Amino acid sequence: HDVEAGPELPSSLATRIRIAPANLDECEVKWLISKVDWFSGTRMHATIAALSSRVPAAATAYSDKTRGVFASCGVEEQVIDPRELDTGTVTERLVESFRSREQIRQVLSGTIGGVKARATGQFSDMTEMLKALA
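Parameters at a glance
Residues numbered from 1 in each chain as written. Predicted model: local features only at pLDDT ≥ 70, side-chain atom pairs only at ≥ 80, totals over all residues. Heavy atoms only, no water. Salt bridge = Lys/Arg side-chain N within 4 Å of Asp/Glu carboxyl O. Helix = DSSP H or I, 4+ residues; strand = E, 2+ residues; numbered from the N terminus. Buried < 20%, exposed > 50% of the residue type's maximum accessible area, 1.4 Å probe, protein only. Contact = heavy atoms within 4.5 Å. Pairing = 2+ DSSP bridges. Axes fitted to C-alpha atoms, helices over the stretch in contact; angles between N-to-C directions. Phe/Tyr/Trp six-rings, centres within 6.5 Å; stacked < 30°, edge-to-face > 60°. Lys NZ or Arg CZ within 6 Å of the ring centre and 35° of its normal. Right-handed = clockwise from strand over helix to strand, strands pointing away. Parallel < 35°, antiparallel > 145°, perpendicular 65-115°, else oblique. Nonpolar A, V, L, I, M, F, W, Y, C, P; charged D, E, K, R; others polar.

**Observations regarding the pattern of salt bridges**
Reasoning step 1: Scanning the entire structure with this criterion turns up 4 salt bridges.
Reasoning step 2: Across the salt bridge formed by K131 and E128, the nearest N and O atoms sit 3.9 Å from each other. Of this pair, K131 and E128 are both found in helix 6 (residues 101-133), 3 residues apart, which corresponds to roughly one turn of the helix.
Reasoning step 3: For K131, a relative accessible area of 56% corresponds to the exposed category.
Reasoning step 4: The class of E128 is partly exposed, set by a relative accessible area of 48%.

Listed below in structure tokens is the structure:
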């Protein structure tokens, strides 16, 4: 799928910003997320797609589950909770996250392999338990 600049963007930004087609499936969305330098999301699964692709991410999230996911990846401080912070502080934290994206990428490079291995092990254990029950 091609991505194209939106017609409403000023020409100075049109070369740097692309708008994805609305009809992408989940695999295409994850691929697209994996190609960015930094990702900011409000939905936990979108930010998981970024983290699992080792893409630095910030989550503006109200769910404690999001904080747990980010903590398992070593980047819990990248969860920004609007229930606790005012709009100005949320914006400042997002800008700070963007500016520290290379450091976040380094952390993810060291943690994501282990996170994926644990998840694979857990699925294998569940599969074995289900086979034993069958």
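**Some thoughts on the side chain of S97**
Reasoning step 1: Note on placement: S97 falls in helix 5 (residues 87-99).
Reasoning step 2: S97 sits in the buried class, given a relative accessible area of 2%.
Reasoning step 3: Those residues in contact with S97, other than ones at most four positions away along the chain, are W38, A57, A58, Q78 and I104.

**Comments concerning the sheet that holds strand 3 (residues 79-80)**
Reasoning step 1: Taken in spatial order, the 3 strands line up as 1-2-3 in an open sheet, and their pairing is parallel. The open sheet has two edge strands, strand 1 (39-41) and strand 3, and neither has a second partner.
Reasoning step 2: Inspection of the sheet shows strand 2 (residues 57-60) paired to strand 3 by 2 bridges, in the parallel sense. Counted as the bridge partner of A59 is V79 from strand 3.
Reasoning step 3: Those strands touched by helix 5 are strand 1, strand 2 and strand 3, and its axis lies near 165 degrees from that of strand 2.

**Some remarks on the packing of aromatic side chains**
Reasoning step 1: Taken as a whole and judged by the stated rule, the model has 1 aromatic pair.
Reasoning step 2: On the basis of an interplanar angle of 80 degrees and a centroid distance of 5.5 Å, the ring pair of W38 and F98 is categorised as edge-to-face. Of this pair, W38 sits in the loop between helix 2 (26-34) and strand 1 while F98 sits in helix 5; the two residues are 60 residues apart in sequence, bridging distant segments of the chain.
Reasoning step 3: Residue F98 is classed as partly exposed on the basis of its relative accessible area of 37%.
Reasoning step 4: The ring of F98 carries the charged tip of R101 above its face, separated from the ring centre by 3.9 Å.

**Here we look at the pairing of strand 2**
Reasoning step 1: Of the two faces of strand 2, the one carrying A57 and A59 and the one carrying A58 and T60 are both buried.
Reasoning step 2: In terms of strand pairing, strand 1 meets strand 2 through 3 bridges, oriented parallel. Bridge pairing in strand 2 places S40 opposite A58.
Reasoning step 3: Considered for its hand, the β-α-β crossover made up of strand 1, helix 3 (residues 44-52) and strand 2 is right-handed.
Reasoning step 4: Handedness of the strand 2-helix 4 (residues 64-72)-strand 3 crossover: right-handed.

**A word on the packing of helix 5 against helix 6**
Reasoning step 1: Closest axis-to-axis distance for the helix 5/helix 6 pair is 5 Å, and the angle between their directions is 65 degrees. By the angle class used here, helix 5 and helix 6 are roughly perpendicular. Along its contact with helix 5, which presents S97, F98 and R99, the element helix 6 presents R101, Q103 and I104.
Reasoning step 2: Here the residues of the contact of helix 5 with helix 6 are counted per class, giving 2 nonpolar, 2 polar and 2 charged.

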